[in-house]
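In case you want the letters, here they are:
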Amino acid sequence: MARTRFVGDAGLTARMTSVMFLLGALFVGIIAVLIAVMPAGWAPIIGVIGLGVVWFQWYKSDTVAMKAMRAREVTPEQAPELHGMIERLCTLADMPKPRVGIADTDLPNAFATGRSPNRSVVVVTTGILRRLTAEELEGVLAHELSHVAHRDVLVMTVASSAGIVASMLTRGAQYGAIFGGGRRDSNTGGVPVWLVVLVVSLVTYAVSFLLLKLLSRYRELSADRAGAYLTMRPQALASALQKITGEINQIPDRDLRASQAMNAFFIAPAVRGVSLRTLTSTHPSLEQRLEQLARIQAELDRPA
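A brief look at the structure comes next. This structure is a prediction, so every number in the text was calculated from the model and none was measured.

**Notes on the pattern of salt bridges**
Link 1 in the chain: Using the criterion set out here, one finds 17 salt bridges in the structure.
Link 2 in the chain: Of the charged contacts in the structure, one is a salt bridge between Glu87 and Lys97, with a shortest N-O distance of 3.7 Å. Placement of the pair is Glu87 in helix α4 (residues 80–93) and Lys97 in the loop between α4 and β2 (99–103), with a sequence separation of 10 residues.
Link 3 in the chain: For Asp106, the salt bridge is made with Arg130, and the minimal N-O distance between the two is 2.4 Å. With Asp106 in the loop between β2 and β3 (110–114) and Arg130 in helix α5 (residues 126–131), this pair connects stretches of sequence that are 24 residues apart.
Link 4 in the chain: On the basis of relative accessibility, which here comes to 57%, the residue Arg130 falls in the exposed class.
Link 5 in the chain: Here the salt bridges share partners, and the residues they tie into one network are Asp152, Arg219, Glu220, Asp224 and Arg289.

**Topic: the packing of aromatic side chains**
Link 1 in the chain: Within this structure, the stated rule accounts for one aromatic pair.
Link 2 in the chain: Note that Arg15 overlies the ring of Tyr218, its terminal NZ or CZ placed 3.9 Å from the centroid.

**Regarding the sheet that holds β3**
Link 1 in the chain: In space, the four strands of this open sheet follow the order β1-β2-β4-β3, with mixed pairing throughout. Since the sheet does not close on itself, it has two edges, and those belong to β1 (71–73) and β3, each with one partner. Going across the sheet, the axis of each strand differs from the next one's by a mean of 25 degrees, ignoring polarity.
Link 2 in the chain: Across three bridges, the pairing between β1 and β2 is antiparallel. Residue Glu73 lies in a different strand from β2, and its bridge partner there is Gly101.
Link 3 in the chain: Where helix α3 (residues 61–68) meets the sheet, it contacts β1, β2, β3 and β4 (120–125), and its direction lies at approximately 150 degrees from that of β3.

**A look at a nonpolar patch on the surface**
Link 1 in the chain: Nonpolar side chains collect at one region of the surface, where Trp55, Phe56, Trp58, Tyr59 and Val64 lie side by side and expose about 470 Å² of accessible area between them.
Link 2 in the chain: Here the nonpolar patch takes four residues from helix α2 (residues 43–59), the largest share from any one element.
Link 3 in the chain: Position of Phe56 among the secondary structure elements: in helix α2.

**Some details on the packing of helix α6 (residues 134–150) against helix α9 (residues 234–248)**
Link 1 in the chain: The geometry of α6 relative to α9 is characterised by a closest axis approach of 8 Å and an angle of 90 degrees between their N-to-C directions. In terms of axis orientation, α6 runs roughly perpendicular to α9. On α9, the residues that touch Glu135, Glu136, Gly139 and Val140 of α6 are Ala236, Leu237, Ser239, Ala240, Lys243 and Ile244.

**Let's talk about unusual backbone geometry**
Link 1 in the chain: Phi at Asp94 is positive, roughly 60 degrees, even though this residue is not glycine.
Link 2 in the chain: Looking at the element boundaries, Asp94 is found in the loop between α4 and β2.
Link 3 in the chain: A relative accessible area of 48% means that Asp94 is categorised as partly exposed.
Link 4 in the chain: Backbone geometry places Arg151, a non-glycine residue, at a positive phi of 65 degrees.
Link 5 in the chain: Relative to the elements of secondary structure, Arg151 occurs in the loop between α6 and α7 (152–179).

Conventions adopted
Residues numbered from 1 in each chain as written. Predicted model: local features only at pLDDT ≥ 70, side-chain atom pairs only at ≥ 80, totals over all residues. Heavy atoms only, no water. Salt bridge = Lys/Arg side-chain N within 4 Å of Asp/Glu carboxyl O. Helix = DSSP H or I, 4+ residues; strand = E, 2+ residues; numbered from the N terminus. Buried < 20%, exposed > 50% of the residue type's maximum accessible area, 1.4 Å probe, protein only. Phe/Tyr/Trp six-rings, centres within 6.5 Å; stacked < 30°, edge-to-face > 60°. Lys NZ or Arg CZ within 6 Å of the ring centre and 35° of its normal. Pairing = 2+ DSSP bridges. Axes fitted to C-alpha atoms, helices over the stretch in contact; angles between N-to-C directions. Contact = heavy atoms within 4.5 Å. Patch = residues over 30% accessible without salt bridge, like charges linked within 9 Å, V, L, I, M, F, W, Y side chains within 5 Å. Areas by Shrake-Rupley, 256 points an atom, 1.4 Å probe, with all protein chains shown as cover. Parallel < 35°, antiparallel > 145°, perpendicular 65-115°, else oblique.

Given below as structure tokens:
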């Protein structure tokens, strides 16, 4: 975690370290299996492609996320109040000020991305700017800035590389099944190569999917906690979360589906409320988040 005034979270650090180690081992395992079952000439190509995906995810994470949301970077002259609020929070947290972006969509949401605190961007939608009060928006921004300070947004971005590689391999295995027929290889005990690749890619995707979801849920609670302690107004963030979740339920399904690729990075996922309780949710339930914020508020209200 970067040295800031956000409260530390040893649990988050341990989870990020574990997820990166496990996914790194998984990634190496994929490459090893593919090199073993595929022709020797493919080995360097597989390695370069795998490393290229990880590098691209790390280096271009902010650009890719902003393009996915059709967000634009705004200057202090274009959004003085938003810049002023982020600047005050960064001064309070003793951290570098990130770039600021706005996405033109009615979906009320916000996210942070970037490979380091010095190369990060905080993006809010026009929908959230219209719906929240200044105090509520400040709570949301403090939440997003804590993701940058904790560096968990970088871990989420890099860790998702395993899932991307697995998806690419799945598509390649499907083409192999169609165009390669039942060709078998002695290294796989007579099992078609495309079937081995498909099984490996599906297992990789499933494991990375579950690990990322578990990390994502915890990091959201950690960001709620850190943001609430920074602003000393947990009730403002609680109010913002209730408004955002309620308003998301009113957004057309078509618009929600268009934004769901960014769910892991949003402050609240672009899904209907009932889905927040499912195994595949990227976030803890609204009830869990409100309960935690209520405990923090009670702690802050307690006489010294």
